[in-house]
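Report on the structure
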Amino acid sequence: MTKACVILGAGASKDAWNSGSPKNDDYEPPLASELFKTGVRGSVYHKVAGNYPRAYYLANLLAPYQGGSGFNLEEKLREFAYHDDDHIRDAFKEVPPYLRDVLWEVSRHYVEMPGTHIELASRLVAQQPHHTLFLSLNYDTFLETALSFFGNSYGSISGYVSKGLRPMVIKLHGSINWFRLIRETRGGSWEKALQDLNINDLPGEDVLVKNDITQAKAADENGEFIYPVLTAPL
């Protein structure tokens, strides 16, 4: 069969809807420049930011630059992550959980079915079968929803990395349902546990797939604190 590599960026998520199912425009997937629009009244950004006050603080540092022609979100986030001031560095630790929860809300409430992803998956898997690699730069799970119809399972990390998977899905930047344990903790609360986390430590093979965690700062079913596996900055 013909081989195909499909690269999905933020524009694909923003265009996830077709007329096959309802949508809620309040949860339209954001582009990178829209991720910290916490000042929009009633927005999902503001709703989530209330759970992460230090990320909310940093969002207000970003606000004057958003939308400007020279604005580089990646550069600003890297500045926060490696800042000379330890308060700013610690505040950055709340940015990946904030982003994760924003995009979790988007993935659950924007569309009942990601119609355009379903069209694409059907074309490449069923109508004109290809050996396909989906290379996703997005955190959301619209693609997994579309591919699950064809028997693909993404309930554990093996659904992404086992040999012989067709189609294959590679998510370069992580996913809203990928986590790692915060192994060294001070106990008592997620905020205290976060103090011991080194954001530069890679999770290795211990990536946990959890589709039932509605807030990243909540403990998992074992009462252990977890942290999103997604890259911010890259």
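Everything that follows concerns the structure shown earlier in this document.
Rules of the game
Residues numbered from 1 in each chain as written. Predicted model: local features only at pLDDT ≥ 70, side-chain atom pairs only at ≥ 80, totals over all residues. Heavy atoms only, no water. Pairing = 2+ DSSP bridges. Helix = DSSP H or I, 4+ residues; strand = E, 2+ residues; numbered from the N terminus. Axes fitted to C-alpha atoms, helices over the stretch in contact; angles between N-to-C directions. Contact = heavy atoms within 4.5 Å. Polar contact = N/O pair within 3.5 Å; in protein donor to acceptor, adjacent residues only side chain to side chain. Core = buried A, V, L, I, M, F, W, Y, C linked by side-chain atoms within 4.5 Å. Buried < 20%, exposed > 50% of the residue type's maximum accessible area, 1.4 Å probe, protein only. 1 Å grid on protein atoms, 1.4 Å probe; cavity = no way out; pocket = protein on both sides within 12 Å on 5 of 7 lines; lining within 4 Å. Points joined across faces, edges and corners; volume = space filled by probe spheres on them. Nonpolar A, V, L, I, M, F, W, Y, C, P; charged D, E, K, R; others polar. Phe/Tyr/Trp six-rings, centres within 6.5 Å; stacked < 30°, edge-to-face > 60°. Lys NZ or Arg CZ within 6 Å of the ring centre and 35° of its normal.

**Quick word on the sheet that holds strand β2 (residues 131-136)**
Consider a sheet: its strands pair through backbone hydrogen bonds, and that pairing is either parallel or antiparallel. If you trace the 3 strands from one edge of the open sheet to the other, you get β1-β2-β3, paired in parallel fashion. One side of each edge strand has no neighbouring strand; the edge strands of this open sheet are β1 (3-8) and β3 (168-171). Sheet twist, expressed as the mean angle between neighbouring strand axes with direction ignored, is 15°. Pairing analysis gives 6 bridges linking β1 to β2, with the strands arranged parallel. When the bridges of β2 are listed, Leu 8 appears paired with Ser 136. Sheet contacts for helix α7 (residues 115-127): β1 and β2; angle to β1, the most-contacted strand, approximately 170°.

**Quick notes on the side chain of His 117**
By the secondary structure assignment, His 117 is in helix α7. Among the polar contacts made by the side chain of His 117, one reaches the side chain of Thr 116 at a distance of 3.5 Å. Setting aside its immediate chain neighbours within four residues, His 117 contacts Leu 8, Ala 12, Ser 13, Ala 16, Phe 142, Leu 143 and Ala 146.

**Some words on the sheet that holds strand β6 (residues 226-230)**
One open sheet holds the 3 strands; their spatial order is β5-β4-β6, and the pairing between them is antiparallel. Two strands in the sheet have a free side with no partner beyond their single neighbour: β5 (208-209) and β6. As judged from the 2 bridges shared by strand β4 (residues 174-181) and β5, these two strands associate in the antiparallel manner. Each residue of the ladder has a partner; that of Phe 179, found in β5, is Leu 208. The sheet strands contacting helix α6 (residues 95-109) are β4 and β6, and the helix crosses β6 at an angle near 75°.

**Brief notes about the nonpolar core**
Formed by 46 residues in total, the largest nonpolar core has its most connected members in Phe 36, Leu 77, Val 95, Tyr 98 and Ile 182. Looking at this core, the elements with two or more residues in it are α2 (44-49), α3 (53-62), α4 (73-81), α5 (86-92), α6, β4, α10 (190-194) and β6. It is α6 that provides the largest number of residues to this core, a total of 7 residues. Grouped together as the second largest cluster of nonpolar side chains are 15 residues, Val 6, Leu 124, Ala 146 and Tyr 160 included.

**Comments concerning the environment of Ala 10**
Here Ala 10 is to be found in helix α1 (residues 10-14). Residue classification places Ala 10 among the partly exposed residues on the basis of a relative accessible area of 31%. Spatially, the C-alpha atoms of Ala 10 and Leu 31 are 5.8 Å apart, while their sequence positions differ by 21 residues. Apart from the residues lying within four places of it in its own chain, the contact partners of Ala 10 are Pro 30, Leu 31 and Asn 138.

**Considerations on the side chain of Lys 93**
In this structure, Lys 93 sits in the loop between α5 and α6. Here Leu 194 takes part through its backbone oxygen, which lies 3.2 Å from a polar atom of the side chain of Lys 93. A polar side-chain atom of Lys 93 sits 2.9 Å from the main-chain carbonyl oxygen of Leu 197. Setting aside residues up to four positions removed in sequence, Lys 93 forms contacts with Leu 194, Gln 195, Leu 197, Ile 199 and Tyr 227.

**Quick look at empty space enclosed by the protein**
Per the stated rule, a full pass over the model turns up 1 cavity of 30 Å³ or more. Space inside the largest cavity adds up to approximately 50 Å³. Lining the largest cavity are Leu 8, Ser 13, His 117, Ser 136, Asn 138, Asp 140, Phe 142, Leu 143, Glu 144, Val 169 and Lys 171. The set of elements that each furnish at least two residues to the lining of the largest cavity consists of α8 (142-148) and β3. When its residues are assigned to classes, the lining of the largest cavity shows 4 nonpolar, 4 polar and 3 charged.

**Some remarks on the packing of aromatic side chains**
Taken as a whole and judged by the stated rule, the model has 5 aromatic pairs. Where Phe 149 meets Phe 150, the ring centres are 5.1 Å apart and the plane angle is 85°; that geometry is what we call edge-to-face. Among the aromatic residues, those joined into a cluster by ring pairs are Tyr 154, Tyr 160 and Trp 178. If you follow Lys 217 out to its NZ or CZ, it ends over the ring of Tyr 52, 5.6 Å from the centre.

**Section: the environment of Glu 224**
Checked against the element boundaries, Glu 224 lands in the loop between β5 and β6. With 31 residues separating them along the chain, Glu 224 and Ala 193 place their C-alpha atoms 9.9 Å apart.

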